[in-house]
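An overview of the molecular structure
Listed below are the residues making up each chain.
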Amino acid sequence: MAIHDPLRDYGDGKANIRTMVDALDYAADLSPDHTAIICDEDRISYRQYRHAVVVFAHQLQALDCKGKRIVVLMGNSIEMSVAIYAIWAAGSVMVLLNPMYTENELGPMIADADPCAIICADVMRDKVSRIAESLGIDSVVALGQTAAKYTDWLAADALSLPTPRPGPDDVASLQYTGGTTGLPKGARHLHGSIVHMTRQIEWSWSEDPGSNVWLDVAPQFHIWGLCMTALVPTYSRDTLVLIKQFRPDAVLDAIPRHKVTLFAGGPAPIFQAIMGHPDYKSTDFSSLQFVGGGGSPFANQTINAWQAVTGCSIHQGYGMSEAAPLSLNPRHDENRLGTCGPPCPGTEIEVVDVETGEEVLPHGENGEFRVRGPQMMVEYWQREEESAETLRDGWVHTGDIGHLDEKGYVVIVDRKKEMAIVNGYNVFPREIDEVLFSHSGILEAAAVGTPSDKTGEVIHAYVVAREDEILDAADIIMHCEQNLASYKVPAKIIIADALPRTPAAKIDKNELRQRSIAG
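These notes cover the structure that comes with them.

Reading the values: rules and limits
- Residues numbered from 1 in each chain as written.
- Predicted model: local features only at pLDDT ≥ 70, side-chain atom pairs only at ≥ 80, totals over all residues.
- Heavy atoms only, no water.
- Helix = DSSP H or I, 4+ residues; strand = E, 2+ residues; numbered from the N terminus.
- Buried < 20%, exposed > 50% of the residue type's maximum accessible area, 1.4 Å probe, protein only.
- Core = buried A, V, L, I, M, F, W, Y, C linked by side-chain atoms within 4.5 Å.
- Contact = heavy atoms within 4.5 Å.
- Disulfide = S-S within 2.5 Å.
- Pairing = 2+ DSSP bridges.
- Axes fitted to C-alpha atoms, helices over the stretch in contact; angles between N-to-C directions.
- 1 Å grid on protein atoms, 1.4 Å probe; cavity = no way out; pocket = protein on both sides within 12 Å on 5 of 7 lines; lining within 4 Å.
- Points joined across faces, edges and corners; volume = space filled by probe spheres on them.
- Nonpolar A, V, L, I, M, F, W, Y, C, P; charged D, E, K, R; others polar.
- Phe/Tyr/Trp six-rings, centres within 6.5 Å; stacked < 30°, edge-to-face > 60°.
- Lys NZ or Arg CZ within 6 Å of the ring centre and 35° of its normal.
- Salt bridge = Lys/Arg side-chain N within 4 Å of Asp/Glu carboxyl O.

A closer look at the environment of V123
You can see V123 is positioned in the loop between β5 (117-121) and α5 (125-135). Judged by relative accessible area, which is 75%, V123 ranks as exposed. V123 sits 20 residues away from L143 along the chain, and the two C-alpha atoms are 8.9 Å apart.

Focus: the nonpolar core
Soluble globular proteins tend to bury their nonpolar side chains together. Grouped together as the largest cluster of nonpolar side chains are 115 residues, with contacts concentrated most on Y49, F56, L73, Y85, W88, I119 and L231. Looking at which element gives the most residues to this core, the answer is helix α3 (residues 78-89), with 10 residues. If sequence neighbours within four positions are ignored, Y85 has contacts with M20, V21, L24, Y49, V53, A230, L231 and T234. Membership of the second largest hydrophobic core comes to 26 residues, among which are I243, A250, I255 and C312.

Some words on the state of the cysteines
Under the definition given, this model contains one disulfide. In this model, C65 is linked to C116 through a disulfide, with the two sulfur atoms separated by 1.9 Å. One quick way to see it: the torsion about the S-S bond of C65 and C116 is about 130°, and its sign makes the bridge right-handed. In this pair, C65 is assigned in the loop between α2 (46-61) and β3 (69-73) and C116 in the loop between α4 (103-113) and β5, connecting sequence segments 51 residues apart. The burial state of C65 is the same as that of C116; both residues are buried.

Re the sheet that holds strand β25 (residues 492-495)
Spatially, three strands are ordered β23-β24-β25 in an open sheet, and the strand pairing comes out mixed. Each edge of the sheet is formed by a strand with only one pairing partner; in this case those strands are β23 (442-452) and β25. Averaged over all pairs of adjacent strands, the angle between strand axes in this sheet comes to 25°, irrespective of strand direction. Relative to strand β24 (residues 456-465), β23 runs antiparallel, the two sharing 10 bridges. By the bridge assignment for β24, A446 is matched with Y462. Relative to β25, helix α14 (residues 473-483) is tilted by about 130°, and along the sheet it contacts β23, β24 and β25.

Details of empty space enclosed by the protein
Tallying each qualifying case throughout the model produces two cavities of 30 Å³ or more. Space inside the largest cavity adds up to approximately 40 Å³. Considering the residues around the largest cavity, the lining is formed by A36, I37, Y46, Y49, S81, T229, A230, P233, T234 and L240. When residues of the lining of the largest cavity are traced back to their parent elements, those giving at least two are β1 (35-39), α2 and α8 (223-235). Tallied by class, the residues present in the lining of the largest cavity amount to seven nonpolar, three polar and no charged. Approximately 30 Å³ is the volume found for the second largest cavity. Around the second largest cavity, the lining residues are V21, L24, D25, R50, V53, Y85, A89 and L161.

A closer look at the packing of aromatic side chains
Inspection of the entire model under this criterion finds 16 aromatic pairs. Taken together, the aromatic side chains of F263, F271, Y280, F285, F298 and W306 make up a single cluster linked through ring pairs. In this structure, K185 packs its charged tip against the face of Y380, placed 5.0 Å from the ring centre. Positioned above the aromatic ring of W395 is the side chain of R370, whose terminal nitrogen or guanidinium carbon lies 4.5 Å from the ring centre.

Things to note about the pattern of salt bridges
Where charged atoms from two side chains of opposite charge approach closely, those side chains can pair. Inspection of every chain in the model, using the stated rule, returns 26 salt bridges. D333 is the salt-bridge partner of K407, the closest N and O atoms lying 3.9 Å from each other. Of this pair, K407 sits in the loop between β19 (395-404) and β20 (410-415) while D333 is found in the loop between β14 (323-328) and β15 (348-352), placing the two residues 74 residues apart along the sequence. In this structure K407 comes out as partly exposed when scored by relative accessible area, which is 39%. The exposure class assigned to D333 is partly exposed, which follows from its relative accessible area of 43%. E511 is paired through a salt bridge with R515; the nearest N and O atoms lie 3.3 Å apart. Of the two residues, E511 and R515 are both situated in helix α15 (residues 509-518); the distance of four residues between them amounts to about one turn of the helix. A relative accessible area of 35% means that R515 is categorised as partly exposed. Bridged by salt links that share partners, the residues D333, E334, R336, D405, E406 and K407 form one connected network.

Pasting the structure below:
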């Protein structure tokens, strides 16, 4: 497949952008007084954004973390945005983890990342300090109202960006994802691949530098949230309206108040929640020019219902932690409903047979998507076997099933993996199984994802009691709540006498999934 690459860095007398540190530096030079971020009642300009990043970067350099990993555990905030760029400016590797995880979940992931420091929200300081102490991590840096705030950095003396700056071939981040087993894997991205993913989204969905006001509700630790908050708006020198935590009323208030032009909504349940709010139809959407969606399947009726009120369609995209974005329905071309758009500039997408992953299938025939392009990871951190399974001959094998339509647009029909997507979050049933197995009264357990109108999918868990034990669904839910993030907790516990088996004597999760769908 021929690769068309129309991407260009913006000029204005500047050299090409090699890393996102350059992008922020240029934005502060070219648009110093333009508002960079609005978060609640706080806002900073691009000049202030760079100033805060530079000050914090020098503080991080004092921790002797150059070339080493720094874990970040924070919710959406100006401080989180500054931390991302400060880590890169300090020459360190960024590791964004979900702050909603319990200690039970965070411990193994942080141990796997092997960081030199952890940056966390002040409300998490005690929990994070316990984990850090158990792992021998000396530095915990708290940010927030009772700790260091962005205003403290702005009040500090001006400094210059640390030198030498990172280069495009230096490691920028470990973006943690998962697999069929639910074990965490850190996708290693170089600074160059981060720039490419940013430019691909900017070319497909944005316009002239400084022309958009973005609104994002996705968490910044998620690949979608990272792209739509820290990366593309900064590269485009646009204004970002950052919602700390998704609430439909906050979105419906922010769009007219800040004259939002670009809403990076995310998965379908976000839109369904907004459309279900009583103020939805009376909200002024006249400023809105473009809406992006991704992370879960969209029904055509959802897009049509959204457009009928807002005047904007939803342009779907497709990506993953290992390589994002892969395809986007572009702003300047046909938005084909039911698809995730054509491959991004510089990206090849093929559909291959599921059994061997080698035979390239014709358009219209379902198989597994494999992709390659400049935005791909280089490997999984410390996962040689899984890297070899996913990366084959330069292609990332996605595990997603679908086809290319007659125009070459991506159509996703299923997932090869057992992964469920709940409210846009990846949930791995095997991880839930392990928590269920740790319950003293449970002999067997199997968690499966099942469709939900509200959240895309929910988790149903089937359990079998040990001999002479009596199980209580509410007690099992409480056990899960103590050991899992809230979105991973099963919505329903089904107590069964036995679980179905495959001919290989494995628990038949496909059968359980069908039972859940049937109700």
